[in-house]
Amino acid sequence: MTIEPDISAEEKIQKLAQELQAFLGGDKATVSRLREMEDGHAGLTFGFDLVDNGNTSSFILKKAPTGVKRSGSTDIYRQAELLKALHGSGFPAPDVKWASSGEEELGAPFIIMEMLPGRTCIMWDPAPEFKSDPSIIKGIWHSTAELMGELHQFNWSRDLSDWDKPTTLSEELSRWDRLFHHTENESWKQTAHVLYERLAETLPSNVQMGLVHGDLQPGNLLVGGPGEVSLIDWDLAAIAPLGTDVGWLLMMSEREAWPSDWAPAQPISHADLLETYWHKGGPVTENLDWYQAFSQFKMASITGLNLKLHRSGRRHDPIWEKFAHAVPIQLNHAMQLASKLTPSQEI
C-alpha cells in the first residue's frame, strides 16, 4: 500500500492531473478542469473533463485514500462491479468507464464514472433554487422513496451473487455498537448501551435481505430537470437487511429526532414517504420502529466518531459540532421507539 508524501493540495492536484493525462489522454486527448468535489466521503472525489477530437465529456473520479486499509467504504474499486450491474439494469446510477484495483496508474485503486446532470440538495441547508418552492423539496423526498423502492427490487442474487458477503442484522447492530466505543461523551455512551441491549433483545427475525445503499437520503440524489434524478455515493452499499435503508430514511425525516436549529427540511410525513416506497415495490412493511431506532443509534455512533476525529485535529470538519447537538435527542427518541418493541417481534 502506497504512502503518499506530504505535499500541498495544489501539488497533489497537479500530480494527479499528470497521472490522469498519461492514463487517459496520451497524445490524443486532454484532461482539463481537474478539481476536488466537495461531497466526497471515504474516498477522494474529483471532477474533470476529457477533450477528445473537439468533444468534451465530464467524469467523476473516486480514488481510494492512501495509507488506509481497503475494506468496506474505503475499498473504492468494489463499487465498479456494483455500478456496472445497476446501470446495466436501467437503475439511475453512474456508469463506470474505467477502473483499476492496482496502484500503477493513479497511485491507488480508483473508479472513473460518467458525470451525471443535476446537483445535490443538502436538506440541512438547501440551495436557494430548492427552498424557493416547498413543493420542490417535497418532490425530492418523494423521489428518494421511489428510488429506494426500485433499488430494493434489484435482483442481487442473480447480478451480484459474488460481489459481497451478506451482512446479518445482528452483525450490523454489533458493528455500530463497536463504533460507539469511540464516542468520548460518557452520557451518550450510557444511553446508547441501554438502547443497544433493547435492540438486541427485540432483533427482528426472518429479515428480508437485498442490496442496500447505506445512506439513501435526499442529499445523495442528483436532481436535474423535471423527473431527472439519479442516486450517487455508493461507498456504504452492501448486501444487508433492506429495513436498514428504510429506517435511515425515517430517521432523516423524523421531526422529533432533530433539534429545531439543526433539522433537515422535511415537509413530508412518514406515512407519505412509506406509501411512495411501497407504491414503487418496496417490500419492507413491518418492524419500522426497530429499524428507525437502530438508524438513530447508528447516526449517534457516526457522530461520536467524527466528532472525536474533528476535535483531535485528525480530520477537521466542524459540521459535526452541529450534529452533536442532535445526539441526545436522537438517542432519547430512539429509546421511546424501542420501549414499544417486544422480544417476539418478527418481520
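Let me begin by describing the structure that accompanies this report. All figures in this text were calculated on a predicted structure; none of them were measured in a lab.

Along its length, the protein chain carries 12 helices and nine strands. Rg of the C-alpha trace for the protein chain: 21 Å, near the compact-globule value of 20 Å for 347 residues, within the 12% margin. With the C-alpha coordinates of the protein chain rotated into their principal frame, the extents come out at 65 × 45 × 45 Å. For the protein chain, with 347 residues in total, the buried portion stands at 49%. Residue pairs at least 24 apart in sequence account for 69% of intrachain contacts in the protein chain once pairs closer than 6 positions are excluded. Put simply, the protein chain shows about 16200 Å² of open surface, and 49% of that area lies on carbon and sulfur atoms. Considering the protein chain, the positive charge centre built from 30 side chains and the negative charge centre built from 48 side chains are found 2 Å apart.

A general feature of soluble globular proteins is that nonpolar side chains tend to end up buried together. Core analysis: the biggest nonpolar cluster contains 86 residues, and Leu 86, Leu 199, Leu 211, Trp 234, Trp 258 and Phe 297 have the highest contact counts within it. Ranked by the residues each element gives to this core, the list is headed by helix H10 (residues 288-311), at 10 residues. Among all residues touching Leu 199, those that are not within four sequence positions of it are Leu 173, Trp 290, Ala 293, Phe 294, Phe 297 and Leu 341. In this structure, Leu 16, Leu 20, Phe 46 and Leu 106 belong to the second largest nonpolar core, which totals 14 residues.

Helix length check: helix H1 (residues 9-25), at 17 residues, gives a terminal C-alpha distance of 23 Å against a target of 24 Å (1.5 Å per residue), a fit within 8%. When we look at burial in H1, the residues that qualify are Leu 16, Glu 19, Leu 20, Leu 24 and Gly 25. Against the buried residues of H1 lie strand E1 (29-36), strand E2 (44-52), strand E3 (55-63), strand E4 (96-100) and strand E5 (110-114). Positive phi shows up at Gly 26, right after H1, with a value of about 60°.

What follows concerns the packing of helix H4 (residues 134-151) against helix H9 (residues 270-279). Orientation of H4 relative to H9, taken along the N-to-C sense of each, is 40°, at an axis distance of 7 Å. Regarding the angle of H4 to H9, the classification is oblique. The chirality of how H4 crosses H9 is right-handed. Facing H4, whose interface residues are Lys 138, Trp 141, His 142, Ala 145, Glu 146, Met 148 and Gly 149, H9 presents Asp 272, Leu 273, Thr 276 and Tyr 277.

The next thing to look at is the sheet that holds E3. Here we have five strands laid out as an open sheet, ordered E1-E2-E3-E5-E4, and antiparallel in their pairing. Every interior strand has two partners, whereas the edge strands, E1 and E4, have only one. Looking at each pair of strands side by side, their axes are set apart by 25° on average, direction ignored. Summarising the sheet, E2 and E3 pair through nine bridges and their orientation is antiparallel. The partner of Leu 50 across the bridge, within E3, is Ser 57. Here H1 sits on the sheet and contacts E1, E2, E3, E4 and E5; the angle it forms with E1, its principal contact strand, is near 145°. Where helix H2 (residues 78-89) meets the sheet, its contacts fall on E3, E4 and E5, and the angle it forms with E5 comes to roughly 25°.

The phi dihedral of Arg 33 falls on the positive side, at around 55°, and the residue is not glycine. Topologically, Arg 33 is positioned in strand E1. Positive phi, close to 55°, is recorded for Asn 206, a residue that is not glycine.

To continue, consider the side chain of Ser 100. Its place among the elements puts Ser 100 in strand E4. A distance of 3.2 Å separates polar atoms of two side chains, one belonging to Ser 100 and the other to Glu 105. Among residues more than four places away in sequence, those in contact with Ser 100 are Tyr 77, Glu 105, Pro 109 and Phe 110.

For the rest of this paragraph, the subject is the packing of aromatic side chains. Under the criterion given, the structure shown has 14 aromatic pairs. When the centroid spacing of 6.1 Å and the interplanar angle of 80° are considered together, the rings of Phe 91 and Trp 234 count as edge-to-face. In this pair, Phe 91 is assigned in the loop between H2 and E4 and Trp 234 in the loop between strand E8 (229-231) and strand E9 (238-241), connecting sequence segments 143 residues apart. There is no split in this pair, since Phe 91 and Trp 234 are both buried. Put simply, the rings of Trp 124, Trp 258, Trp 262, Trp 320 and Phe 323 touch in pairs and so form one group of aromatic residues. Just above the ring of Trp 248 sits the side chain of Lys 298; from NZ or CZ to the centre is 4.8 Å.

What follows deals with the pattern of salt bridges. Under the definition given, this model contains 13 salt bridges. The shortest N-O distance in the salt bridge between Glu 201 and Arg 198 comes to 3.3 Å. Linking Glu 201 with Arg 198, this pair stays in helix H7 (residues 186-201), spanning three residues, or about one helical turn. The class of Arg 198 is partly exposed, set by a relative accessible area of 21%. Here Asp 289 and Lys 340 are joined by a salt bridge, their closest N and O atoms 3.4 Å apart. Note that Asp 289 is positioned in helix H10 and Lys 340 in the segment after helix H12 (327-338), a separation of 51 residues in sequence. With a relative accessible area of 29%, Asp 289 lands in the partly exposed category.

Calculation notes
Residues numbered from 1 in each chain as written. Predicted model: local features only at pLDDT ≥ 70, side-chain atom pairs only at ≥ 80, totals over all residues. Heavy atoms only, no water. Helix = DSSP H or I, 4+ residues; strand = E, 2+ residues; numbered from the N terminus. Rg over C-alpha atoms; globule rule 2.2 N^0.38 Å. Buried < 20%, exposed > 50% of the residue type's maximum accessible area, 1.4 Å probe, protein only. Contact = heavy atoms within 4.5 Å. Areas by Shrake-Rupley, 256 points an atom, 1.4 Å probe, with all protein chains shown as cover. Lys, Arg positive; Asp, Glu negative; His and termini not counted. Charge placed at Lys NZ, Arg CZ, Asp CG, Glu CD. Core = buried A, V, L, I, M, F, W, Y, C linked by side-chain atoms within 4.5 Å. Expected span 1.5 Å × (residues − 1). Axes fitted to C-alpha atoms, helices over the stretch in contact; angles between N-to-C directions. Parallel < 35°, antiparallel > 145°, perpendicular 65-115°, else oblique. Left-handed = near helix turned anticlockwise from the far one by under 90°. Pairing = 2+ DSSP bridges. Polar contact = N/O pair within 3.5 Å; in protein donor to acceptor, adjacent residues only side chain to side chain. Phe/Tyr/Trp six-rings, centres within 6.5 Å; stacked < 30°, edge-to-face > 60°. Lys NZ or Arg CZ within 6 Å of the ring centre and 35° of its normal. Salt bridge = Lys/Arg side-chain N within 4 Å of Asp/Glu carboxyl O.

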